[in-house]
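Tertiary structure, described
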Protein chains: 2
Amino acid sequence: MQFEKIVSKDNKLIKKIKKLVSSASYRREENAFVLEGLRLVLDAAKNGYAIETLVVSESFLEANGGLKEVQSSKQRVVLPDSLFKTLSDTVSPQGILCVCNMPKTILDPLKINKGKYLILENTQDPANLGAIARTAEALGIDGLIVSLKGCDPFSPKAQRAAMGALVRFPIYLSYDIIEDTRKLKDKGFSIYASVVSDADCEITKVSYDAPSAVIIGNEANGVTEQLKAVANSKITIPMSGRAESLNAAAAAAIIIWEMVK
Amino acid sequence: MQFEKIVSKDNKLIKKIKKLVSSASYRREENAFVLEGLRLVLDAAKNGYAIETLVVSESFLEANGGLKEVQSSKQRVVLPDSLFKTLSDTVSPQGILCVCNMPKTILDPLKINKGKYLILENTQDPANLGAIARTAEALGIDGLIVSLKGCDPFSPKAQRAAMGALVRFPIYLSYDIIEDTRKLKDKGFSIYASVVSDADCEITKVSYDAPSAVIIGNEANGVTEQLKAVANSKITIPMSGRAESLNAAAAAAIIIWEMVK
């Protein structure tokens, strides 16, 4: 396997990768994102992502050789360790990352006709988004619908927190979550907004037979009034303790569990 | 409110605080720990913790004055911002921390006679420990029993992840979790070990009537064989997805939910 050597920080590819790591709008513009770390790169290859570029550090290449699992990558480059480190989002980089195309299938929530989904409205913390994707994958709902006004599921932080779940699991992105949720409802989906107060009923009192979707709101502000208005009903997790303590990822875990069990 | 000014990094108190922040064994030796940030300090004061020392930065004191809520602290010191920063566990410190005595009530799991508990056996990641404490507090079980071979619930990372739950919520520490769990069982507690495989039944199939306790194992290795042998039965969260993805905090959220609902 041939690797092209790049040594200059001013190289066009190096600049592009840096921008893909830091900017959500650039990722959208280029329709590409970066996955760092061996496990994520292998997951991407295994799950049929189109890998544009495979980037390794000199140390990584020396220790591991080329990766036959990622043979399909169009371009392969090797960087001095010090240059690789400038691209990395971690303190001690493993020395491998890849640039992937965003899969086209994730861009239209309206292609969904059946199944059980979680709708994440403006989730703020990429660690929560990643954690929720892990739980959704483990328990086996059909996908996450993510509003693009929240944190970007293609950011390095979200990808790392998801431990590969955001690559392996169906993620549907929505530019207009209010409108898209309304369309899902029109298609026959039962839509539930999870709230802390003023609920219509507890989460155990509704049916999650497919097709259905539960909305998890923003960590600080909850589900917006507009999206609540779209929902069939507002549901809540009854809490006998200190309700403000339950964070979005824990609430999502409990709700997903009720949806699938 | 009088504040003593300290400017030297070689001051005895400064050295002690640094060591309390970094060393679990020193915290145990001194029977003290550090809480950083306004919210945690106020939570500690409100929940009756004995506050040894209140430490603020010059900027904090200028902006906020003394804190009347923490009047009970035996000692109050103010540091130049640069010196305060050397004690802080965060990148942008708020400029307030306190040294608390560890409350005596948390040191004996054998004082527990009734209620519902989670037993954390060798939890490795302080972020998980903190997240689990938050969920346990929100949903209202009676306490966490934490084996001291895992990460330290008095570490700054665990305290920060818990958003105050580790200060407000009953935490029982165990030096010998096998022996202590056996004694709880002898006292009439139903003990359940949560496992990923080889379970006796699903988590919905057992009764969590008090007194009962569910064991959450170490993130990498699960519940130890010795502790499984103590449990009345092994229970599992049925998963139709990719089981390895469910992390300890999400699993704990689902289990606590089943215990209280």
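Here is what the cut-offs are and how they apply
Residues numbered from 1 in each chain as written. Chains lettered and ligands numbered in written order. Predicted model: local features only at pLDDT ≥ 70, side-chain atom pairs only at ≥ 80, totals over all residues. Heavy atoms only, no water. Helix = DSSP H or I, 4+ residues; strand = E, 2+ residues; numbered from the N terminus. Contact = heavy atoms within 4.5 Å. Lys, Arg positive; Asp, Glu negative; His and termini not counted. Charge placed at Lys NZ, Arg CZ, Asp CG, Glu CD. Axes fitted to C-alpha atoms, helices over the stretch in contact; angles between N-to-C directions. Parallel < 35°, antiparallel > 145°, perpendicular 65-115°, else oblique. Left-handed = near helix turned anticlockwise from the far one by under 90°. Buried < 20%, exposed > 50% of the residue type's maximum accessible area, 1.4 Å probe, protein only. Pairing = 2+ DSSP bridges. Right-handed = clockwise from strand over helix to strand, strands pointing away. Least-squares fit on C-alpha atoms with pLDDT ≥ 70 in both. 1 Å grid on protein atoms, 1.4 Å probe; cavity = no way out; pocket = protein on both sides within 12 Å on 5 of 7 lines; lining within 4 Å. Points joined across faces, edges and corners; volume = space filled by probe spheres on them. Nonpolar A, V, L, I, M, F, W, Y, C, P; charged D, E, K, R; others polar. Core = buried A, V, L, I, M, F, W, Y, C linked by side-chain atoms within 4.5 Å. pLDDT = per-residue confidence, 0-100. Expected span 1.5 Å × (residues − 1). Arc of directions from axis to C-beta. Buried area = accessible area lost by both parts, 1.4 Å probe. Salt bridge = Lys/Arg side-chain N within 4 Å of Asp/Glu carboxyl O. Polar contact = N/O pair within 3.5 Å; in protein donor to acceptor, adjacent residues only side chain to side chain.

Moving on, we get to the overall build of chain A. A tally of regular secondary structure across chain A gives 11 helices and 12 strands. Projected onto its principal axes, the C-alpha positions of chain A cover 60 × 40 × 30 Å. A separation threshold of at least 6 residues defines the contact pool for chain A, and within that pool the share at least 24 residues apart is 77%. For chain A, the distance from the average site of its 33 positive side-chain charges to the average site of its 30 negative ones is 3 Å.

Residues and elements named next belong to chain B. At a minimum axis distance of 9 Å, the contact between helix H6 (residues 126–139) and helix H11 (residues 248–260) shows a crossing angle of 20 degrees. By the criterion of interaxial angle, the relationship of H6 to H11 is roughly parallel. Crossing angle aside, the handedness with which H6 passes H11 is right-handed. Contacts between H6 and H11 involve Asn128, Ala131, Ile132, Thr135, Ala136 and Leu139 from the former and Ala248, Ala249, Ala252, Ala253, Ile256, Trp257 and Val260 from the latter.

Here Ala210(A) and Pro211(A) are connected by a cis peptide whose omega angle stands at -5 degrees. Topologically, Pro211(A) is positioned in the loop between strand S10 (201–202) and strand S11 (212–216). For Met163(A), which is not glycine, the phi torsion reads 45 degrees and is therefore positive. Within the secondary structure layout, Met163(A) lies in the loop between helix H7 (156–161) and helix H8 (165–168). The exposure class assigned to Met163(A) is partly exposed, which follows from its relative accessible area of 39%. Even without glycine at this site, Asn31(B) takes up a positive phi of about 55 degrees. Among the secondary structure elements, Asn31(B) is positioned in the loop between helix H2 (24–30) and strand S2 (32–36).

Our focus in this paragraph is the sheet that holds strand S3 (residues 51–57) of chain A. Each strand in a sheet pairs with its neighbour through backbone hydrogen bonds, running either in the same direction (parallel) or in the opposite one (antiparallel). Residue and element names in this part refer to chain A. The strand order across the open sheet built from 5 strands is S1-S4-S3-S5-S2, with neighbouring strands paired in mixed fashion. The open sheet terminates on both sides in strands that have one partner only, identified here as strand S1 (4–5) and strand S2 (32–36). Relative to strand S4 (residues 75–79), S3 runs parallel, the two sharing 5 bridges. Counterpart to Ser57 in the pairing with S4 is Leu79. Set on the sheet, helix H1 (residues 12–22) makes contact with S2, S3, S4 and strand S5 (96–101); between it and S2 the angle comes to about 85 degrees. Of the strands in this sheet, S2, S3 and S5 touch helix H3 (residues 38–46), which is tilted by about 35 degrees from S5.

Right, let's talk about the sheet that holds strand S11 (residues 212–216) of chain B for a bit. All names here are of chain B. Taken in spatial order, the 7 strands of this open sheet run S8-S7-S6-S11-S9-S12-S10, and their pairing is parallel. A strand with exactly one partner marks an edge of an open sheet, and here the two such strands are strand S8 (171–174) and strand S10 (201–202). Along the sheet face, H6 touches strand S6 (116–120) and strand S7 (143–147) and points at about 160 degrees away from the line of S7. Together, S6, strand S9 (190–194) and S11 form the strand contacts of H11, whose direction differs from that of S6 by roughly 160 degrees.

Two faces make up the sheet, and in a regular strand the side chains alternate between them. All names here are of chain B. In terms of residue burial, strand S3 (residues 51–57) counts as a mostly covered element, since 6 of its 7 residues are buried. One ladder, built from 5 bridges, connects S3 with strand S5 (residues 96–101); its direction is antiparallel. Bridging across to S5, Thr53 finds its partner in Val99. Remark: the S3/helix H4 (residues 58–64)/strand S4 (residues 75–79) crossover connection has right-handed handedness.

This part covers the relation of the copies chain A and chain B. Mapping chain A onto chain B is achieved by rotating through 180 degrees and translating by 0.0 Å along the same axis, at an RMSD of 0.0 Å. Given the turn and translation reported, the copies of this chain are related as if by a two-fold rotation axis. For chain A, the residue whose C-alpha comes nearest the rotation axis is Ile254(A), separated from it by 2.6 Å. Taken together, the interface assignments show that 97% of the residues at the interface of chain A recur at the interface of chain B, consistent with an identical surface on both copies.

It is worth spelling out the layout of surface pockets at this point. Approximately 1100 Å³ is the volume attributed to the largest pocket. What lines the largest pocket is a set of 31 residues, among which Ala127(A), Ala131(A), Asp125(B), Ala127(B) and Asn128(B) lie closest to the centre. Secondary structure elements with two or more residues in the lining of the largest pocket: helix H6 (126–139), H7 and helix H11 (248–260) of chain A together with H6, helix H7 (156–162) and H11 of chain B. If you tally residues by element for the lining of the largest pocket, the top one is H6(A), at 7 residues. Of the residues that constitute the lining of the largest pocket, the class distribution is 16 nonpolar, 6 polar and 9 charged. For the second largest pocket, the calculated volume is near 620 Å³. The wall of the second largest pocket is formed by 29 residues, among which Val196(A), Asn218(A), Glu219(A), Gly222(A) and Leu246(A) lie closest to the centre.

We now examine the nonpolar core. Ranked by internal contacts, the top residues of the largest apolar core, which has 118 residues, are Leu118(A), Leu144(A), Ile237(A), Leu118(B), Leu144(B) and Ile237(B). Those residues in contact with Leu118(B), other than ones at most four positions away along the chain, are Ile132(B), Ile141(B), Gly143(B), Leu144(B), Ile145(B), Val214(B), Ile216(B), Ala252(B), Ile255(B), Ile256(B) and Met259(B).

In this model, chain A carries an average pLDDT of 91, and 98% of its residues clear a pLDDT of 70 or more. For this predicted complex, the interface confidence comes out at an ipTM of 0.85, alongside a pTM of 0.87.

Moving on, we get to H11(A). With 13 residues, H11(A) ought to run about 18 Å at 1.5 Å a step, and its terminal C-alpha atoms sit 18 Å apart, in line with that. Here H11(A) has its buried residues at Ala248(A), Ala249(A), Ala250(A), Ala251(A), Ala252(A), Ala253(A), Ile254(A), Ile255(A), Ile256(A), Trp257(A), Glu258(A) and Met259(A). Looking at the buried side of H11(A), the elements it contacts are strand S6 (116–120), H6, strand S9 (190–194) and S11 of chain A together with H6 and H11 of chain B.

Residue and element names in this part refer to chain A. Overall, Pro211 belongs to the partly exposed group, its relative accessible area being 22%. Along the backbone, Pro211 and Asp180 are 31 residues apart, and their C-alpha atoms lie at a distance of 15 Å. The contacts of Pro211, once residues within four sequence positions are left out, are Asn113, Lys114, Gly115, Gly188, Phe189 and Ser190.

Residue and element names in this part refer to chain B. Within helix H1 (residues 12–22), burial applies to Leu13, Ile14, Ile17, Leu20 and Val21. For H1, the buried positions fall inside an angular range of 125 degrees around the axis, keeping them on one side. Projecting away from the buried face of H1 at angles above 90 degrees are the exposed residues Lys12 and Ser22.

It is worth spelling out the interface of chain A and chain B at this point. Residue-level contacts link 29 residues of chain A with 28 residues of chain B. Buried surface at the junction of chain A and chain B, both sides included, amounts to about 2300 Å², of which 55% is carbon and sulfur. Run the count over chain A and chain B and you get 2 salt bridges. Here Lys261(B) ties to Glu258(A) by a salt bridge, and the two come within 3.1 Å at their closest N and O atoms. Across the contact surface, chain A and chain B share 10 residue pairs in polar contact (both at pLDDT 80 or more). When its residues are assigned to classes, the side of chain A that touches chain B shows 13 nonpolar, 7 polar and 9 charged.

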